[in-house]
Amino acid sequence: MDKFTIEHGLDLSGNIYVSGAKNAILPSMAACLLAPGKSILRNVPNLIDLKTMAHLLRVIGARVEYGEGFMSIDSKDVCYPEAPYELVSKMRASIYVLGPLVARLGKARVSFPGGCAIGTRPVDLHLKALEALGATIEIEHGYINAKADKLVAADIYFEKSSVGATINTLMAAVYAEGTTRLYNAAMEPEVDSTIDMLNKMGAKITGKGSTTLEIEGVKDLFPVEMPMIPDRIEAGTFLIAGALSQNPITVCGCNPEHLTALLDKLRETGCKLDILGADITITPPETIKSTNILTLPHPGFPTDLQAQFTVLMCMAEGISTVEDTIFPDRFMHVAELSRLQADIRMERNIAIIKGVKDLSGAEVMATDLRASAALVLAGMAAKGTTTVSRIYHIDRGYDRIEEKLNSIGAKIRREIG
Ligand code: EPZ
């Protein structure tokens, strides 16, 4: 298994470039199943999760080409509506094929997603919404069996704001007869980008950017060519690297509107931000000020930047708290950060962080995607050498993160294992 060896180094400067958003591309890939023919997605980075999704679509019968910066998906011949355990257990987002398959083929068999490093992650809201649209759902031998002769519009209220359930329901409702209304829908930029993709394919969805969405069912959808939005979590990770740095850096090709909560918090820590179109220059303060974080659904502070921001707070003056209301147990990085001599204690589900002058390099282990990004940042900040093992987690969602960070002055070496 590959690992990173990271030498202390925060003498960062220059431009760092953001790739397309994994969490927008995954549902867009599944959406391609809805329209027979060849769709093309642009601004697609090289990520393990996207390879896993491509594999799944091929199993279902689609023809997928994954090249440099693009993916083409021809779903003319999809005929095998099954997401097997071996793929769903690798990547929970495989559940995104459920809505499109029921909508297009009238049936789907999707392995029930199991445990996850960041907490219990039920799919009850996905299933309830599909049932409301007229599908029958049975759970048998670890599989979700969904069937529907036809889907019919419904009014659906989500008890909890869920990105996945909102997107899966949208992808089913586009073919439902009548007008479906979704209440308390998620408003993450990845939901908006899926709406844009579906509307370009011929769907009739209104209410984008709000918690109430209206979907007027249509009879046909058509293949499209679609550029993917920039990855706000990758951009946020790089901005946090900039906050830790000794000099200004510029994060290029992001959408600042997707990053409001983070930018606000970075200003509270004393960082100066200059926004010019899609580029953000961050100038770090002499001393980072502590601040408190509470993760919330968009436009709140994203759970996917919680671990990285925790690292910044480890280097801040004073005491800060971090609470994750989306995944309350998403704190496996805390024990690893403590190995680097961070001063963090957990009180119930709240991390209480006392800033330290220096972190100290050590061997640490990545536990999930965002935790591994946090450990890379911590390794750059720590005096001496840090090794981060199990970095396959980071390759799931960051395209060559070490090359990108090295291009602005980090000292990260990938050891192929
Ligand atoms: C998406 O997961 C992202 N994944 C996650 O990013 C992200 O952390 C999460 O949204 C929150 O922003 C993808 O987009 C592929 P949710 P998702 O449904 O859709 C509860 C990363 O690092 N819930 O919005 O699975 C759930 O337990 C990943 O890139 C139910 O109770 O998240 C959580 O508390 C990790 N029942 C809350 O809702 C359900 O049926 C929000 O989860 C579904 C969710």
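Here is what the cut-offs are and how they apply
- Residues numbered from 1 in each chain as written.
- Predicted model: local features only at pLDDT ≥ 70, side-chain atom pairs only at ≥ 80, totals over all residues.
- Heavy atoms only, no water.
- Buried < 20%, exposed > 50% of the residue type's maximum accessible area, 1.4 Å probe, protein only.
- Helix = DSSP H or I, 4+ residues; strand = E, 2+ residues; numbered from the N terminus.
- Patch = residues over 30% accessible without salt bridge, like charges linked within 9 Å, V, L, I, M, F, W, Y side chains within 5 Å.
- Areas by Shrake-Rupley, 256 points an atom, 1.4 Å probe, with all protein chains shown as cover.
- Salt bridge = Lys/Arg side-chain N within 4 Å of Asp/Glu carboxyl O.
- Domains from an automatic or database assignment.
- Contact = heavy atoms within 4.5 Å.
- Buried area = accessible area lost by both parts, 1.4 Å probe.
- Polar contact = N/O pair within 3.5 Å; in protein donor to acceptor, adjacent residues only side chain to side chain.

### A closer look at helix 6 (residues 163–173)
Side chains that are three or four residues apart share a direction in an α-helix, a result of its 3.6 residues per turn.
Then step 1. Buried residues dominate helix 6, accounting for 10 of its 11 residues.
Then step 2. Turning to helix 6, its buried residues number three or more, namely Gly 164, Ala 165, Thr 166, Ile 167, Asn 168, Thr 169, Leu 170, Met 171, Ala 172 and Ala 173.

### Some words on a nonpolar patch on the surface
Then step 1. Together, Met 1, Ile 48 and Tyr 392 make up an exposed nonpolar region whose accessible area comes to about 310 Å².
Then step 2. Since its relative accessible area comes to 36%, Tyr 392 is described here as partly exposed.

### Quick notes on the domain arrangement of the chain
Then step 1. Each assigned domain of the chain is listed here: domain 1 (3–18 + 230–415) and domain 2 (22–227).
Then step 2. The C-alpha-based centres of domain 1 and domain 2 are spaced at 30 Å.
Then step 3. Counting from both sides, the interface comprises 21 residues of domain 1 and, opposite them, 17 residues of domain 2.
Then step 4. Across the domain 1 to domain 2 interface the summed buried area is about 1,700 Å²; carbon plus sulfur atoms make up 54%.
Then step 5. Here domain 1 is connected to domain 2 by two salt bridges.
Then step 6. Close ionic contact of Glu 190 with Arg 232 constitutes a salt bridge, the shortest N to O distance being 2.8 Å.
Then step 7. Where domain 1 meets domain 2, there are seven residue pairs in polar contact (both at pLDDT 80 or more).
Then step 8. Of all the elements in the fold, those that place two or more residues in the side of domain 1 that touches domain 2 are helix 12 (369–381) and helix 13 (392–395).

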